[in-house]
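# Summary of structural features
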Amino acid sequence: MTFPLVDAATQDCITAEQAEFFKDNGLLVIRNLIAAPELERLRRETQTLVDRAVAGCEDPDYAYKEHESSGKRVPYRVEYVVDKLPSCRALAGHPFVLRSVERLQGRNFIPTWDSMVFKNAGAGTGIPWHRDSGDGCGASDRERPIFNVDMYLDHSDRTNCVWGIPGSNRWSEARAFDTIARLNDGGFRTEGAVAIEMQPGDALLHNILALHGSAPAQSHLRRVLYFEYRAGETESAHGPHTPEYIPAKQQVLLACLRDRAQAPYARGERPFAYRPDGAFAVGADAHATPASYRYPHQQYWRTPHATGAATA
Ligand code: NI
């Protein structure tokens with residue numbers, strides 16, 4: 001299985017053909033998405049989150065797990081990075097990302113999750129095989145896939161990379177369940193999967209129904225920013241958030257576009273224009289400064305049992 005070459009240094013959006021590949025396979029690698037000056041700033045700012053996590057920050061946005069080899073409690077995830085770091089607000093306005101999301105989901109998309117998942121140097125916990133969600137949220141709609149854009153700030157290699165199974169986004173729940181159980185049995189197995197090795201500044205689009213995971217690692221630091229998007233139509237029909245979530249996140253997206261316009265490294269790029277329409281059209285209030293960049297998912301669940309996305 002060979003990924004098409006998507007090079008953000010030479011194109012400003014995924015092509016229609018690349019979009020079709022992604023709809024079929026649920027995985028798409030984008031090279032050179034983040035240029036050096038932006039990458040440098042992201043690495044510098046996210047290091048402060050890694051340092052806080054390693055120091056054992058008890059803020060509920062910081063998540064920890066027991067490392068499979070050492071038994072030590074190690075950090076692996078930080079939520080709401082757009083609220084925490086100016087560099088992540090500017091990244092949330094990245095025009096290649098947003099044009100590609102629009103191509104895949106239509107003009108009424110909204111940003112949903114934003115987090116950083118990382119494997120710390122010498123202590124990277126594994127993420128067992130999983131889907132990020134069940135298919136009850138509308139994710140099986142081929143024409144409006146729900147996906148994450150996973151942006152790499154460090155390289156990943158065979159010691160610590162994500163593995164994925166192309167096409168598993170189209171599997172039944174039963175087949176996904178059986179395969180996940182088999183591949184997680186007795187450790188992290190990789191039969192039938194592809195290793196997705198990345199360079200700093202590369203990105204992976206992963207459909208939330210595509211099977212993915214990673215083995216425990218004890219190699220170098222590997223940080224990945226996860227931005228999830230959903231079509232407004234899908235979110236409106238299936239949730240998991242209440243209707244008020246949509247305009248709130250539209251307002252955040254518009255603010256991030258303004259933040260990006262202020263970043264020196266955005267000079268010379270063609271900005272993304274967010275123009276939702278119909279029931280999702282925005283008024284003047286959408287362009288106001290948002291009350292927050294952090295809208296906690298649990299405050300917007302439609303039901304007490306809704307669950308969030310998990311990532312690798
Ligand atoms: Ni995941």
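Being a predicted model, the structure only gives us computed values, none of them experimental. (Residues numbered from 1 in each chain as written. Predicted model: local features only at pLDDT ≥ 70, side-chain atom pairs only at ≥ 80, totals over all residues. Heavy atoms only, no water.)

### Thoughts on the overall build of the chain
Looking only at helices and strands, the chain features eight helices and 12 strands. Seen through its C-alpha atoms, the chain measures out along the principal axes to roughly 55 × 45 × 40 Å. The proportion of buried residues among the 312 residues of the chain is 58%. Within the chain, counting contacts between residues at least 6 apart in sequence, those at least 24 apart form 85% of the total. For the chain, the exposed area adds up to about 12900 Å²; of that, 51% sits on carbon and sulfur atoms. (Helix = DSSP H or I, 4+ residues; strand = E, 2+ residues; numbered from the N terminus. Buried < 20%, exposed > 50% of the residue type's maximum accessible area, 1.4 Å probe, protein only. Contact = heavy atoms within 4.5 Å. Areas by Shrake-Rupley, 256 points an atom, 1.4 Å probe, with all protein chains shown as cover.)

### Some remarks on the side chain of T125
In this structure, T125 sits in the loop between β5 (109-119) and β6 (127-130). Take T125: its relative accessible area is 1%, and that puts it in the buried class. Within the structure, T125 has its side chain in polar contact with the side chain of E68 (distance 3.4 Å). Here T125 is in contact with K65, E66, H67, E68, V74, Y76, K119, A215 and P216, once residues within four sequence places are set aside. (Polar contact = N/O pair within 3.5 Å; in protein donor to acceptor, adjacent residues only side chain to side chain.)

### Quick notes on the pairing of β5
Within a regular strand, side chains alternate between the sheet's two faces. Of all 11 residues in β5, 11 are buried; the element is thus mostly enclosed. Bridging between β5 and strand β12 (residues 222-231) involves nine bridges; their strand directions are antiparallel. Paired with M116 across the two strands is L225, which belongs to β12. (Pairing = 2+ DSSP bridges.)

### A closer look at the environment of F177
Assignment of secondary structure puts F177 in helix α6 (residues 173-183). The class for F177 is exposed, based on a relative accessible area of 60%. C-alpha separation for the pair F177 and R131, spaced 46 residues apart in sequence, amounts to 9.0 Å.

### Side note on helix α5 (residues 95-105)
Within α5, nine of the 11 residues are buried, which leaves it mostly tucked inside the rest of the structure. Regarding α5, the residues found buried are P95, F96, V97, L98, R99, S100, V101, L104 and Q105.

### Observations concerning the sheet that holds strand β11 (residues 212-214)
Spatial ordering of the open sheet is given by β6-β11-β8-β9, a layout of four strands whose pairing is antiparallel. The open sheet is flanked by β6 and β9 (194-196), the only strands paired with a single partner. Geometrically, the sheet is characterised by an average inter-axis angle of 30° between neighbouring strands, direction not taken into account. For β6 and β11, the ladder comprises two bridges, and the chain directions are antiparallel. Across the sheet, H130 pairs through a bridge with H212, a residue of β11. (Axes fitted to C-alpha atoms, helices over the stretch in contact; angles between N-to-C directions.)

### Focus: the nonpolar core
Counting 61 residues, the largest nonpolar core has I14, I30, L33, M151, L225 and F227 as the members making the most contacts within it. Top element by residues in this core is helix α8 (residues 245-262). It accounts for nine residues. Membership of the second largest hydrophobic core comes to 12 residues, among which are V29, V117, I196 and Y226. (Core = buried A, V, L, I, M, F, W, Y, C linked by side-chain atoms within 4.5 Å.)

### Re the sheet that holds strand β4 (residues 73-79)
Sheet architecture is open: eight strands sit in the order β1-β2-β10-β7-β12-β5-β4-β3, paired in mixed fashion. Two strands close off the open sheet at either side, each with one partner strand: β1 (6-7) and β3 (62-66). Alignment of β3 against β4, held across five bridges, turns out to be antiparallel. Its bridge partner being in β4, K65 is matched across the sheet by V74.

### Some points on the environment of T303
Note on placement: T303 falls in the segment after α8. A sequence separation of 258 residues divides T303 from E45, and the C-alpha atoms of the two residues are 35 Å apart.

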